[in-house]
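Architecture at a glance
Spelled out from the first residue to the last, the chains are:
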Amino acid sequence: MSEPPTGSPPPSVSSVGRAAFVGLATGMVLGGVWLLVLGLRGLFGKTDCGLLSPNECELLTAANAHIGKVQTLCGGALIALALALYVLLRPYLTPRAPDARP
């Protein structure tokens, strides 16, 4: 069994928390961007009504517009939540300097 070198400090617990938060915030931002893109595509995209009747096409277009609004709102809210958590927890995420004791 090899022992760790004596000069290296043990890994701190705060680095694990920092890594977990960065991963969570990144996932929230990416998920929010994905929802935002899907929502905007539903709002402004053209609906393919190839073999549908006019009533069915109108219903599909209205459903896409409604779902697009909800997805856009939720995507923007998810991005805003991730950024707010980052701003709120930023003081706790910075590494602390070791105490200089003589």
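Higher on the page you've got the structure.
Read on for a plain summary of the structure. Source: prediction; values computed, not measured.

**Observations concerning the overall build of the protein chain**
Summing up its helical and strand segments, the protein chain has two helices and zero strands in all. Burial status across the protein chain gives 13% buried among its 102 residues. Of the contacts formed within the protein chain by residues at least 6 apart in sequence, a portion of 78% connects residues at least 24 apart.

**Thoughts on helix α2 (residues 54-93)**
Because an α-helix completes one turn every 3.6 residues, residues spaced three or four positions apart along the sequence face the same direction. With 40 residues, α2 should reach 58 Å at 1.5 Å per residue; the first-to-last C-alpha distance of 56 Å fits that figure. Considering bend angle alone, the principal kink of α2 is centred on V87 and spans about 35°; proline P91 follows within four residues of it.

**A few points about the state of the cysteines**
Under the counting rule described, the total for this entry stands at one disulfide. A disulfide bridge connects C49 with C57, and the sulfur atoms are separated by 1.9 Å. Looking down the S-S bond of the C49 and C57 bridge, the torsion is 70°, so its handedness is right-handed. The exposure class assigned to C49 is buried, which follows from its relative accessible area of 18%.

**Focus: the environment of A19**
Tracing the chain through its elements places A19 in helix α1 (residues 13-44). Residue classification places A19 among the exposed residues on the basis of a relative accessible area of 52%.

**A closer look at the side chain of T72**
Within the secondary structure layout, T72 lies in helix α2. Within the structure, the side chain of T72 is placed 2.7 Å from the backbone oxygen of G68, a separation counted as a polar contact. Apart from residues lying up to four places away in sequence, T72 is in contact with L35, L36, G39, L40 and L43.

**Thoughts on the side chain of T47**
Examined against the element boundaries, T47 turns out to sit in the loop between α1 and α2. Looking at T47, the relative accessible area reads 18%, which means it is buried. Engagement of the side chain of T47 in a polar contact is seen with the side chain of N64, the distance being 3.5 Å. Apart from the residues lying within four places of it in its own chain, the contact partners of T47 are L60, T61 and N64.

About the cut-offs
Residues numbered from 1 in each chain as written. Predicted model: local features only at pLDDT ≥ 70, side-chain atom pairs only at ≥ 80, totals over all residues. Heavy atoms only, no water. Helix = DSSP H or I, 4+ residues; strand = E, 2+ residues; numbered from the N terminus. Buried < 20%, exposed > 50% of the residue type's maximum accessible area, 1.4 Å probe, protein only. Contact = heavy atoms within 4.5 Å. Expected span 1.5 Å × (residues − 1). Bend = angle between axes of the 7 residues up to and from the residue. Disulfide = S-S within 2.5 Å. Polar contact = N/O pair within 3.5 Å; in protein donor to acceptor, adjacent residues only side chain to side chain.

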